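Close look at the chain arrangement
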Amino acid sequence: ATVEARSLDWFQDNGFCLDHIYVKDSTIHQAGKGAFSRRNVKKGTVINSSPVIAASRSLMELNYTKIPINSKKIMFNYHFGHKNSSILFLPLSQMIAINHNSNRIAGGKAPNARVEFSNRDPKTRFLLERPLDDIYAEKYSCMVLDVVATRDIEPDEEVRCFDIFQLFQRPIA
């Protein structure tokens with residue numbers, strides 16, 4: 001075996017649930033799909049965790065006029081990042097279905113979750129202290145993002161993150 005057997009105590013100390021959400025049509029007008037809670041989720045619970053691939057914001061500035069759909073918008077919609085950062089992160093899990101929303105939008109509901117860098121992943125903690133070039137140099141998924149409940153969430157309630165530009169407290173270069 002490539003992984004040693006783990007005890008129940010180890011899983012209780014180190015494991016977390018990745019089955020808190022399911023995907024269906026969003027309740028947000030024209031949002032497409034959304035992520036919904038399978039069960040009661042308490043404030044502070046990690047709802048979903050995902051490895052991410054880093055991408056340069058400058059890639060999004062390329063001219064996509066030869067492609068019949070608005071690829072730039074699609075790419076931006078599925079990345080997470082700070083508005084003043086040169087780097088964007090593409091999740092590789094169901095996290096991609098979690099929409100952002102704001103109670104400032106007419107008919108909008110207040111967000112019930114936030115996105116943050118995982119404090120459980122040693123590589124993420126290491127790379128946050130490194131120069132931006134070290135993140136770009138990673139050839140595979142390089143960091144982990146967590147979606148954390150900012151209040152209790154009911155079963156079948158749509159998970160909504162804070163505005164896309166407010167996801168991180170500080171920009172990464």
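The preceding data block contains the structure.
For the structure given in this document, a descriptive report is provided here. Bear in mind the structure is a predicted one, so any value in this text is a computation, not a measurement.

Quick notes on the rules
Residues numbered from 1 in each chain as written. Predicted model: local features only at pLDDT ≥ 70, side-chain atom pairs only at ≥ 80, totals over all residues. Heavy atoms only, no water. Core = buried A, V, L, I, M, F, W, Y, C linked by side-chain atoms within 4.5 Å. Buried < 20%, exposed > 50% of the residue type's maximum accessible area, 1.4 Å probe, protein only. Helix = DSSP H or I, 4+ residues; strand = E, 2+ residues; numbered from the N terminus. Contact = heavy atoms within 4.5 Å. Polar contact = N/O pair within 3.5 Å; in protein donor to acceptor, adjacent residues only side chain to side chain. Phe/Tyr/Trp six-rings, centres within 6.5 Å; stacked < 30°, edge-to-face > 60°. Salt bridge = Lys/Arg side-chain N within 4 Å of Asp/Glu carboxyl O.

Brief notes about the nonpolar core
Core analysis: the largest hydrophobic core is formed by 26 residues, its most contacted members being I47, F89, I98, I135, M143, L145 and V147. At the level of elements, β3 (46-56), β4 (87-91), β6 (113-117), α4 (132-137) and β7 (143-149) are the ones that each hand at least two residues to this core. Not counting residues up to four positions away in its chain, the partners in contact with M143 are S50, P51, V52, F89, F117, T124, L127, L128 and I135.

Some remarks on the environment of P51
Relative to the helices and strands, P51 resides in strand β3. Residue P51 is classed as partly exposed on the basis of its relative accessible area, which comes to 33%. A sequence separation of 92 residues divides P51 from M143, and the C-alpha atoms of the two residues are 5.6 Å apart.

Observations concerning the side chain of S50
Tracing the backbone through its elements, the reader meets S50 in strand β3. Engagement of the side chain of S50 in a polar contact is seen with the backbone nitrogen of L92, the distance being 2.9 Å. Polar contacts involving the side chain of S50 include one to the side chain of S93, which spans 3.2 Å.

What to know about the packing of aromatic side chains
All told, the structure shown has 2 aromatic pairs when counted by the stated rule. When the centroid spacing of 5.5 Å and the interplanar angle of 85° are considered together, the rings of F89 and F117 count as edge-to-face. Pair noted here: F89 is in strand β4 and F117 is in strand β6, with a separation of 28 residues, a long-range link. Here F89 matches F117 in class, with each residue buried.

Description of the pattern of salt bridges
Inspection of every chain in the model, using the stated rule, returns 8 salt bridges. A salt bridge links R38 to D19, with the nearest nitrogen and oxygen atoms 2.8 Å apart. You can see R38 sitting in the loop between β2 (33-37) and β3 and its partner D19 sitting in the loop between α1 (8-14) and β1 (21-25), a full 19 residues away along the chain. For R38, a relative accessible area of 40% corresponds to the partly exposed category. A relative accessible area of 36% places D19 in the partly exposed class. Residue R160 is joined to E158 by a salt bridge in which the shortest nitrogen-to-oxygen separation is 3.8 Å. For R160, a relative accessible area of 6% corresponds to the buried category. By relative accessible area, E158 is classed as buried at 4%. Taken together, the shared-partner salt bridges in this structure form one network comprising D19, R38 and R39.

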